[in-house]
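Secondary and tertiary structure notes
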Amino acid sequence: MTRLAATPPMGWNSWDVFGTSVTEAETRANAEFIAEHMAEHGWEYVVVDIQWYDPAARSGGYNSRAKLVLDEYGIPQPAPNRFPSAAGGAGFKPLADYVHSLGLKFGLHILRGVPRQAVAADTPIKGSEYSAAQIPDRERLAGWIDDNWGIDHSHPGGQAYYDSLVRQFADWGVDYVKADDMIAPYWEDEVEAFAHAVQRSGRDIVLSLSPGVHLSTDHAEHLQAHSHLWRISADLWDRWRDIDAQFDLLREWAPYGGPGHWPDADMLPLGRMGLRAEVGEPRESLLTPDEQRTMLTLWCIARSPLMVGADLPTSSGETIELLTNPEVLAAQRHDAGAREVWREGKQVAWASEDGAFAAVFNRGPEIAELRLPWATLGLTRPDGLRDCWNRSDIVPDDQLRVKLQPHGAALFRLS
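No experiment lies behind these values; they were computed from the predicted model shown.

Reading guide: rules and limits
- Residues numbered from 1 in each chain as written.
- Predicted model: local features only at pLDDT ≥ 70, side-chain atom pairs only at ≥ 80, totals over all residues.
- Heavy atoms only, no water.
- Domains from an automatic or database assignment.
- Contact = heavy atoms within 4.5 Å.
- Buried area = accessible area lost by both parts, 1.4 Å probe.
- Salt bridge = Lys/Arg side-chain N within 4 Å of Asp/Glu carboxyl O.
- Polar contact = N/O pair within 3.5 Å; in protein donor to acceptor, adjacent residues only side chain to side chain.
- Helix = DSSP H or I, 4+ residues; strand = E, 2+ residues; numbered from the N terminus.
- Expected span 1.5 Å × (residues − 1).
- Bend = angle between axes of the 7 residues up to and from the residue.
- Buried < 20%, exposed > 50% of the residue type's maximum accessible area, 1.4 Å probe, protein only.
- Pairing = 2+ DSSP bridges.
- Core = buried A, V, L, I, M, F, W, Y, C linked by side-chain atoms within 4.5 Å.
- 1 Å grid on protein atoms, 1.4 Å probe; cavity = no way out; pocket = protein on both sides within 12 Å on 5 of 7 lines; lining within 4 Å.
- Points joined across faces, edges and corners; volume = space filled by probe spheres on them.
- Nonpolar A, V, L, I, M, F, W, Y, C, P; charged D, E, K, R; others polar.
- Phe/Tyr/Trp six-rings, centres within 6.5 Å; stacked < 30°, edge-to-face > 60°.
- Lys NZ or Arg CZ within 6 Å of the ring centre and 35° of its normal.

Per the domain assignment, the segments of the protein chain are domain 1 (10–333) and domain 2 (339–414). Using only C-alpha atoms to locate each centre, domain 1 and domain 2 end up separated by 34 Å. Taken together, the 24 residues of domain 1 in the interface contact 23 residues of domain 2. Between domain 1 and domain 2, the buried area comes to about 2,200 Å², and carbon and sulfur atoms account for 61% of it. One can count 4 salt bridges joining domain 1 with domain 2. Note that R363 is salt-bridged to D244, the shortest N-O span being 2.7 Å. Connecting domain 1 to domain 2 are 11 residue pairs in polar contact (both at pLDDT 80 or more).

Between its terminal C-alpha atoms helix α8 (residues 240–253) stretches 20 Å, which fits the 20 Å expected from 14 residues at 1.5 Å a residue. Maximal helix bending in α8 amounts to about 30°, located at F247. What α8 keeps buried is the set W240, D242, I243, D244, Q246, F247, L250 and W253.

If you walk across this open sheet you meet the 3 strands as β4-β6-β5, and the pairing is antiparallel. Each edge of the sheet is formed by a strand with only one pairing partner; in this case those strands are β4 (114–115) and β5 (136–137). Relative to strand β6 (residues 148–151), β4 runs antiparallel, the two being bridged by 2 bridges. The partner of P115 across the bridge, within β6, is N148.

Attention shifts here to the nonpolar core. Membership of the largest hydrophobic core comes to 120 residues, with the highest contact counts inside it found for W43, W52, F194 and L312. Of the domains in this structure, domain 1 (10–333) and domain 2 (339–414) are the two that each give at least three residues to this core. If we skip the residues at most four places from it in the chain, W43 touches M10, G11, I34, M38, L104, L268, L306, V308, L323, T324 and L329. Within the second largest apolar cluster, 18 residues are counted, among which are A368, L372, L379 and L404.

Right, let's get into the pattern of salt bridges. Per the counting criterion, the structure on display carries 24 salt bridges. When the shortest N-O distance is used, the salt bridge between D393 and R386 registers 3.2 Å. The salt bridge involving D397 is made with R401; its shortest N-O contact spans 2.8 Å. Connected through salt bridges with shared partners, the residues D248, R251, E340 and R343 form a single ionic network.

Let us look at the layout of surface pockets. One number sums up the size of the largest pocket: a volume of about 310 Å³. Together, 21 residues line the largest pocket, and Y62, W144, D180, P211 and D235 are the ones closest to its centre. When residues of the lining of the largest pocket are traced back to their parent elements, those giving at least two are α1 (15–18) and β7 (176–180). Across the lining of the largest pocket, the residue classes break down as 10 nonpolar, 2 polar and 9 charged. Its volume calculated, the second largest pocket comes out at about 250 Å³. Lining the second largest pocket are 14 residues; nearest its centre among them are R293, E318, T319, E321 and L322. Elements represented by at least two residues in the lining of the second largest pocket include exactly α9 (289–301) and α10 (317–323).

The topology assignment puts A184 in the loop between β7 and α6 (188–199). In this structure, the C-alpha to C-alpha distance between A184 and R381, residues 197 residues apart in sequence, is 44 Å. Among all residues touching A184, those that are not within four sequence positions of it are P211 and V213.

In this section: the packing of aromatic side chains. Per the counting criterion, the structure on display carries 16 aromatic pairs. Between the aromatic rings of W52 and W172, the centroid separation amounts to 6.1 Å while the plane-to-plane angle is 75°, which identifies the pairing as edge-to-face. Residue W52 is located in the loop between β2 (45–48) and α3 (93–101), and its partner W172 is located in helix α5 (residues 156–172); the two are separated by 120 residues in the primary sequence. Given the relative accessible area of 0%, W52 is considered buried. Residue classification places W172 among the buried residues on the basis of a relative accessible area of 3%. Their ring planes at 80° and their centres at 5.1 Å tell us that F247 and F361 sit as a pair that is edge-to-face. A residue pair is termed long-range when its members are at least 10 positions apart, and F247 in helix α8 and F361 in strand β16 (residues 357–362) qualify at 114 residues. Pair check on accessibility: F247 and F361 agree, each one buried. Taken together, the ring pairs in this structure connect W52, Y53, F83, F92, F106, F169 and W172 into an aromatic cluster. The lysine or arginine in question, R28, covers the ring of Y98, its NZ or CZ lying 4.3 Å from the ring centre.

This is how it looks when you write it as structure tokens:
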């Protein structure tokens, strides 16, 4: 892939708060909030998630056999009742242009395969001699949504369809595509075909692959070659067990992150969420303040992409402050990778390979007081020590001394 995503992408995604039913007005409101309050800290992508082409999208899940908005070539189009600026065949270009006018970048979700509706109508594939009825693989179904058939990539029309799809995205001004149902199970030919379509699109587009259920590091080199980021877990929600599971996954995937290719620990379930989501009722994140800090600390030290899933305009000031702490975000933007360097029971420590950052975590339910010799962390005693969350300096001694609340964390910058 082209060397985009030199640092892990940061942005907003509509899924955790609006599910399948996000509207143009809601997307614009969140984009405006990011531009005014968060862009200076690196937040830049605005991503519309799944089923933007379903006029009847609802909260709480997917519509089976939905009547999708497609053009004459079987390419999904934004539902005009939800995205009024898309009327008259304008597609997402007006919305993307607006996001760009704010100094941000626009992204969307797309599902693997070809719409069943296009196959039934045998729509021509734009720019080719083929048609949609020639390319479906009806055995490659998503287990959780029935909009699409899989694609038979032994037929050249399969690549032609993806080429036409991503060309349309490029014409709209799309900067980021979240391609779903690609890697659980791992559809190697689908990944390659979509990556090739992105490369041929004529536009720089960041490619994100989802979801990462049971994703093996055996695929790491293929993922690095054919995507910019890839999910390493199933959907993550505001539950401690979901956050806790990422410690083992990120430890396993940490060696494979770097400029242009990032293991993705999934979205940040923070702030006001669940307004029309798949999981849960309207709520502030159910994670405790300590759990929220722990999640952000882990994501940042491990250099995971950061995609927040809140309705930002109605989220608390505390949430926005959490998301815009420059000293914490610096760990996520840092040049050097990091890894787990110590684990004992429910306590864990990570450190940057160049010794610039160290993070300690208490995954247990009780307060933990840690005294860790620097050598235990693979570090030399620093001259200076900065508490990134509290933004305060500490006089270092021969040990890192820290008291952690249940499910709590601390992040330090060493000098």
